[in-house]
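Chain and residue survey
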Amino acid sequence: MKSKKLLITILGLLLVAALFASCAPAAAPEEAAPAEEEVMEEEAPAEEEVVEEEAAEPLYIPVISKGFQHAFWLAVEKGAEQAAEEYGVEITFEGPETEAMVDKQMDMLQVAIDKDPAGICFAAVDSQAAIPLLQQAEEKGIPIVAFDSGVDSDIPLATAATDNVAAAALAADKMVELIGGSGEVAIIAHDNTSRTGIDRVKGFTDRVNSEYPDVTIVDTQYGGGDHLRSTDLAKAIIQGNPDLKGFFGANEGSIIGVLNAATELGRDDLVIIGYDSGQQQLEAIRSGLEAGAITQNPIGIGYKCVEAVVKAVNGETLDEFIDTGFMWFDATNIDDPEIKAVLYE
């Protein structure tokens, strides 16, 4: 009986102890370590990738001349390069070996069109042969600006050139004055297919025929701008016309031929008038063999053509004819600053 009471007492004490333990405050849990990266400062945004815009490619403008056989075209190229640098465009300058190579120039024009350039500067060897290709360029939206020698079409937006009719008329006035108002004269030009060849012969011939009834043009020949061929033609004219008093050479190659013929035949009495400049012509004017010449502004022609294409691309309206000017020069003013600025050797 006593053992039973003892067992009950022990069980009671254990129950009290268990109740007491359940009422005791729970131990504070250990502070958890912050999760890595989650409680760090907000992750910095990824570094922005800087993508530089590629610089826009410059406008590409092919410049197709009538040739490279005369220093005149090198001066035109110089002007085109000046405009390209100033306006930040890219140009190429090319032309056939001679001004008689119509087919080769057409090939160059076709290649230029196929490259889809911003625009094209074009000096036509033949004022009509290029028209189908220019129509192709127009259909592709490629603006065309003619220079030096235009085409018989309204496709070119503008033509940067000398007023060749007026310039050759001035040459005729000077010729008549220097031969004394009457006598026989002759002409050698580069061709009768380009606008420059056509207009220079027309300007000289029309002025003589309309204003000077005592002057006769005995012959007009075309040497293709080649000085050797022009020399042979000039010699034949001089020999066939012993009373000839004056000779007009309508471009650099033509006038070199006239000078060569006069020298070879001993005709330093002829009144010789030229066009453009170049070393041989300048020396002839200084020596008195040549009376004088019409100078164009070849650097200005090249510059104005490229400038006009840039303006057309930018939506500006162009004048149909961009007159680059001309001047008469002879031994009395060949060294004047305004003359020297447009002469080339």
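The following refers to the structure shown. (Residues numbered from 1 in each chain as written. Predicted model: local features only at pLDDT ≥ 70, side-chain atom pairs only at ≥ 80, totals over all residues. Heavy atoms only, no water.)

Next up on the list: the pairing of strand S4 (residues 144-147). Taking every second residue as pointing to the same face, both faces of S4 are buried, with Ile 144 and Ala 146 on one and Val 145 and Phe 147 on the other. Bridging between strand S3 (residues 120-122) and S4 involves three bridges; their strand directions are parallel. The partner of Ile 120 across the bridge, within S4, is Ile 144. Considered for its hand, the β-α-β crossover made up of S3, helix H4 (residues 131-139) and S4 is right-handed. Both S4 and strand S5 (residues 158-161) contribute to a ladder of three bridges, which runs parallel. (Buried < 20%, exposed > 50% of the residue type's maximum accessible area, 1.4 Å probe, protein only. Helix = DSSP H or I, 4+ residues; strand = E, 2+ residues; numbered from the N terminus. Pairing = 2+ DSSP bridges. Right-handed = clockwise from strand over helix to strand, strands pointing away.)

Looking now at the packing of helix H2 (residues 71-87) against helix H10 (residues 298-313). At a minimum axis distance of 6 Å, the contact between H2 and H10 shows a crossing angle of 40 degrees. Compared by their axis directions, H2 and H10 come out oblique. Our pair here, H2 against H10, has a crossing hand that is right-handed. For the pair H2 and H10, the contacting residues are Phe 72, Ala 75, Val 76, Lys 78, Gly 79, Ala 80, Gln 82, Ala 83, Ala 84, Glu 86 and Tyr 87 in the first and Pro 298, Ile 299, Ile 301, Gly 302, Tyr 303, Val 306, Glu 307 and Val 310 in the second. When its residues are assigned to classes, the contact of H2 with H10 shows 13 nonpolar, three polar and three charged. (Axes fitted to C-alpha atoms, helices over the stretch in contact; angles between N-to-C directions. Parallel < 35°, antiparallel > 145°, perpendicular 65-115°, else oblique. Left-handed = near helix turned anticlockwise from the far one by under 90°. Contact = heavy atoms within 4.5 Å. Nonpolar A, V, L, I, M, F, W, Y, C, P; charged D, E, K, R; others polar.)

A pair of packed helices can be characterised by two numbers: the angle between their axes and the separation between those axes. Taken N-terminus to C-terminus, the directions of helix H8 (residues 252-264) and helix H9 (residues 279-287) make an angle of 50 degrees; their axes are 10 Å apart at the nearest point. It follows that H8 is oblique to H9 by the angle criterion. Like other packed secondary-structure pairs, H8 and H9 cross with a definite hand, here left-handed. Across the interface between the two elements, Ile 255, Ile 256, Leu 259 and Asn 260 of H8 pack against Gln 280, Gln 281 and Ala 284 of H9.

Here we come to the state of the cysteines. Counted according to the given criterion, the structure contains one disulfide. Disulfide pairing places Cys 121 opposite Cys 305 at an S-S distance of 2.4 Å. Across the S-S bond of Cys 121 and Cys 305 the torsion is about -130 degrees, and the bridge reads as left-handed. You can see Cys 121 sitting in strand S3 and its partner Cys 305 sitting in helix H10, a full 184 residues away along the chain. Judged by relative accessible area, which is 0%, Cys 121 ranks as buried. (Disulfide = S-S within 2.5 Å.)

Before going further, it helps to examine the layout of surface pockets. Of the voids in this model, the largest pocket is the one considered here, and its volume is about 290 Å³. Along the walls of the largest pocket sit 19 residues, with Gly 150, Val 151, Thr 159, Arg 195 and Phe 321 positioned nearest its centre. For the lining of the largest pocket, the elements supplying multiple residues, two or more each, are S5, helix H5 (164-178) and helix H6 (195-211). Looking at the lining of the largest pocket residue by residue, the class counts come to six nonpolar, seven polar and six charged. (1 Å grid on protein atoms, 1.4 Å probe; cavity = no way out; pocket = protein on both sides within 12 Å on 5 of 7 lines; lining within 4 Å. Points joined across faces, edges and corners; volume = space filled by probe spheres on them.)

With that out of the way, let us pick up helix H7 (residues 227-240). End to end, H7 covers 20 Å across 14 residues, agreeing with the expected 20 Å (1.5 Å per residue, within 8%). Residues of H7 that are buried: Ser 230, Thr 231, Ala 234, Ile 237 and Ile 238. Down the axis of H7, the buried side of the element spans an arc of 135 degrees, and every buried residue falls inside it. Opposite the buried face of H7, by more than 90 degrees, sit the exposed residues Leu 228, Asp 232, Gln 239 and Gly 240. Elements that come into contact with the buried residues of H7 comprise strand S6 (183-189), strand S7 (215-222), strand S8 (244-249) and H8. For H7, the side-chain oxygen to backbone nitrogen distance between the N-cap and Leu 228 is 3.2 Å, and the N-cap itself is Asp 226. (Expected span 1.5 Å × (residues − 1). Arc of directions from axis to C-beta. Polar contact = N/O pair within 3.5 Å; in protein donor to acceptor, adjacent residues only side chain to side chain.)

Moving on, we come to the sheet that holds strand S10 (residues 292-295). Ordered in space as S7-S6-S8-S9-S10-S12, the six strands form an open sheet in which the pairing is mixed. The open sheet has two free edges, formed respectively by S7 and strand S12 (327-329), since each of these has just one partner strand. Along the sheet, successive strands turn relative to each other by an average axial angle of 20 degrees, direction set aside. Across three bridges, strand S9 (residues 271-275) lies against S10 in parallel orientation. Counted as the bridge partner of Gly 274 is Ala 293 from S10.

If you trace the backbone, Asp 126 turns up in the loop between S3 and H4. The side chain of Asp 126 is buried and forms no salt bridge, while Arg 195, the nearest opposite charge, is found at 9.2 Å. Of the polar contacts made by the side chain of Asp 126, one reaches the backbone nitrogen of Gln 128; its length is 2.9 Å. Within polar-contact distance, the side chain of Asp 126 engages the backbone nitrogen of Ala 129 at 3.1 Å. (Lys, Arg positive; Asp, Glu negative; His and termini not counted. Salt bridge = Lys/Arg side-chain N within 4 Å of Asp/Glu carboxyl O.)

All right, on to empty space enclosed by the protein then. Tallied over the full model, the rule gives one cavity of 30 Å³ or more. Here the largest cavity defines a volume of roughly 90 Å³. At the level of elements, H2 and H6 are the ones that each hand at least two residues to the lining of the largest cavity. A per-class count over the lining of the largest cavity returns two nonpolar, five polar and six charged.

Reading across from one edge, S2-S1-S3-S4-S5-S11 is the order of the six strands in this open sheet, with parallel pairing throughout. What marks the edges here is a single partner per strand, and that holds for strand S2 (90-94) and strand S11 (321-323). When strand polarity is set aside, the average angle formed by the axes of neighbouring strands in this sheet is 20 degrees. Where H2 meets the sheet, its contacts fall on S2 and S4, and the angle it forms with S2 comes to roughly 175 degrees.

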